[in-house]
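# Architecture and fold: a report
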Amino acid sequence: MASLRVLAIPLLVLLIAAPLAAADDASDEDDSGPKSPFCNNTFQLVKVKNWVDGKEHEDIIGLSARFGASLPTKAHDHLRRTAVFSNPRNCCSDSSTELLGSIALSTRGGCSFMAKGKVANSGNAAGLLVINDKEDIYKMVCSDNDTIVNISIPVVMIPKSGGDTLNKSIADGKKVELLLYAPTRPVVDSSVVFLWMMAVGTVVCASLWSEYVACEQNDERYNELSPKAPEAGAANNDSEKEVLDISAKGAVGFVISASTFLVLLYFFMSSWFVWVLIVLFCIGGVEGMHACIVGLILRGCKNGERKTVNLPLFGEVTVLSLGVLLLCVSFAVAWVITRRSSFSWIGQDVLVATVLLCCAFVYDIFWVFISPVIFHDSVMIAVARGDNSGGEAIPMLLRVPRFFDPWGGYDMIGFGDILFPGLLISFAFRFDKLNKRSLTNGYFLWLAIGYGCGLFFTYLGLYLMNGHGQPALLYLVPCTLGTTVILGLVRGELGHLWNHGTTMPISTLGGTGEA
């Protein structure tokens, strides 16, 4: 399957280009400035419900200021207020527009945030919305030159797009009403647990797949949709079945290539480029689904009759394989059509292994934490978010929506955070099988447990750092590769683990196989 080899290279580069555990949270900056009893609030994400001529529109997300009154955690209808622009619009001096009982709207700039709050407060407004001049949401703090006073109304910043929407409605003479509240986010959402189960389950199932399903149907699976080769070529079947062979040098070069590709994505991200990735993703997904489904069916129906048909280009193929292929293609097409829907996450969602994992470990940390020093932004997070791609997102993540979070959003993990530790865990399973190890005396069980613990620490770090994207391999590599090294040292087998495949099995060399 030479075509699969060609396809595997860009797909694997894409997989490593997005190893990341992240959560969709609003960005904020400017966390500085003096604090006082009246300027010491905890910053809160705020939902701004809005109605235009009585018709409810999409909520606007804002961020409360360091000062001002706190907001309720639930939306109560009696808190609904009319929106009015201050005059002057920057709200830096007493407004000629009546603000009494209304939510005042102000543009950013001209004076300090505290000064704007004082003007709105003195005008007896019910609240103040400051419209940012950018899409980011900044933290409004007190400045050194401010006279700190008690602001008794809530002060919230909203992004430019939200302000433009409100401004247009008011300019058209429509009545705009707003309701501000700050719902609390649950400490742990079920999406994290579900994502953890998906990742661990994928790694374990992939490691066991070849043993319990794929090995018995290997020839059938690889040849179902391939033109039938002459018998003389049967000797080369094994080499044809390998999709990609990675050497130690290749692993290092692979990570360098992925870094280059990530930078290109960062600078040249566009909707057409994302569409190319979506097409590649669908092709790889169709092939993977086809192989898995056919393998499972053939294992359950070993003695069943297999009808065949002749197709142009493909030659003789089984009806089963053709039917499964059509199903997989239909699934991929359906995902492309509904990829922006709320339920689309369902469809999206040791030498060489050591070198690859160590390089990916450094790669992950660099592009999440160190790249902002060079590029003024986290390259990994920007690419994962799909910045500058016209709203299209790269389909190289497992995403699960936060079902019980009032703010919505997704928890996610990069495919690379499953693929690369999975290579090591799969190696451990084959090592245990070759050396006839029991479950507890082998390496596979402990690496699978280590991977689960590493994911737990990843999401713990995500929580402790307020949703900032985490390089998952920072936690996964010590918990998997570290476990392998420690067990290998304790059992005196580290050298054999390192050179596995170039030496005889331990049982052949006289080892007992005991821990």
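Structure shown above.
Keep in mind that this is a model prediction, so the values were computed, not measured.

### A few points about the state of the cysteines
Cysteine pairs can be linked by a disulfide, which is a covalent bond between their two sulfur atoms. Evaluated as defined, the whole model comprises two disulfides. Two residues, Cys39 and Cys142, share a disulfide whose sulfurs are 1.8 Å apart. The disulfide joining Cys39 to Cys142 has a torsion of about 115° about its S-S bond and is therefore right-handed. Residue Cys39 is found in the loop between β1 (21-23) and β2 (45-52), and its partner Cys142 is found in the loop between β6 (127-131) and β7 (155-158); the two are separated by 103 residues along the sequence. Here Cys92 connects covalently by a disulfide to Cys111, the sulfurs 2.1 Å from one another.

### Concerning the sheet that holds strand β5 (residues 103-107)
As summarised here, the arrangement of the seven strands in space is β2-β3-β7-β6-β5-β4-β8, forming a closed barrel in which the pairing is mixed. For this sheet, the mean angle separating the axes of adjacent strands, direction not counted, is 40°. Across five bridges, β5 lies against β6 in parallel orientation. Note that in β6 the partner of Leu105 across the bridge is Leu129.

### A short note on helix α3 (residues 160-171)
For α3, built from 12 residues, the straight-helix expectation of 16 Å at 1.5 Å per residue is met to within 8% by its first-to-last C-alpha distance of 16 Å. Listed in full, the buried residues belonging to α3 are Gly162, Gly163, Leu166 and Ser169. The buried residues of α3 occupy an angular sector of 130° when projected down its axis, which confines them to one face. In α3, the exposed positions angled more than 90 degrees off the buried face are occupied by Lys168 and Ala171. Residues of α3 that are buried in the fold lie against β2, β3 (55-64), β5, β6, β7 and β8 (176-181). A positive phi of about 80° marks Gly173, the residue just after α3.

### Quick look at helix α2 (residues 113-122)
Within α2, burial applies to Phe113, Met114, Lys116, Gly117, Val119 and Ala120. Those residues of α2 that are buried are in contact with β5, β6 and β7. Following α2 by one or two positions, Asn124 adopts a phi angle in the positive range, close to 60°.

What counts, and where the lines are drawn
- Residues numbered from 1 in each chain as written.
- Predicted model: local features only at pLDDT ≥ 70, side-chain atom pairs only at ≥ 80, totals over all residues.
- Heavy atoms only, no water.
- Disulfide = S-S within 2.5 Å.
- Helix = DSSP H or I, 4+ residues; strand = E, 2+ residues; numbered from the N terminus.
- Pairing = 2+ DSSP bridges.
- Axes fitted to C-alpha atoms, helices over the stretch in contact; angles between N-to-C directions.
- Expected span 1.5 Å × (residues − 1).
- Buried < 20%, exposed > 50% of the residue type's maximum accessible area, 1.4 Å probe, protein only.
- Arc of directions from axis to C-beta.
- Contact = heavy atoms within 4.5 Å.

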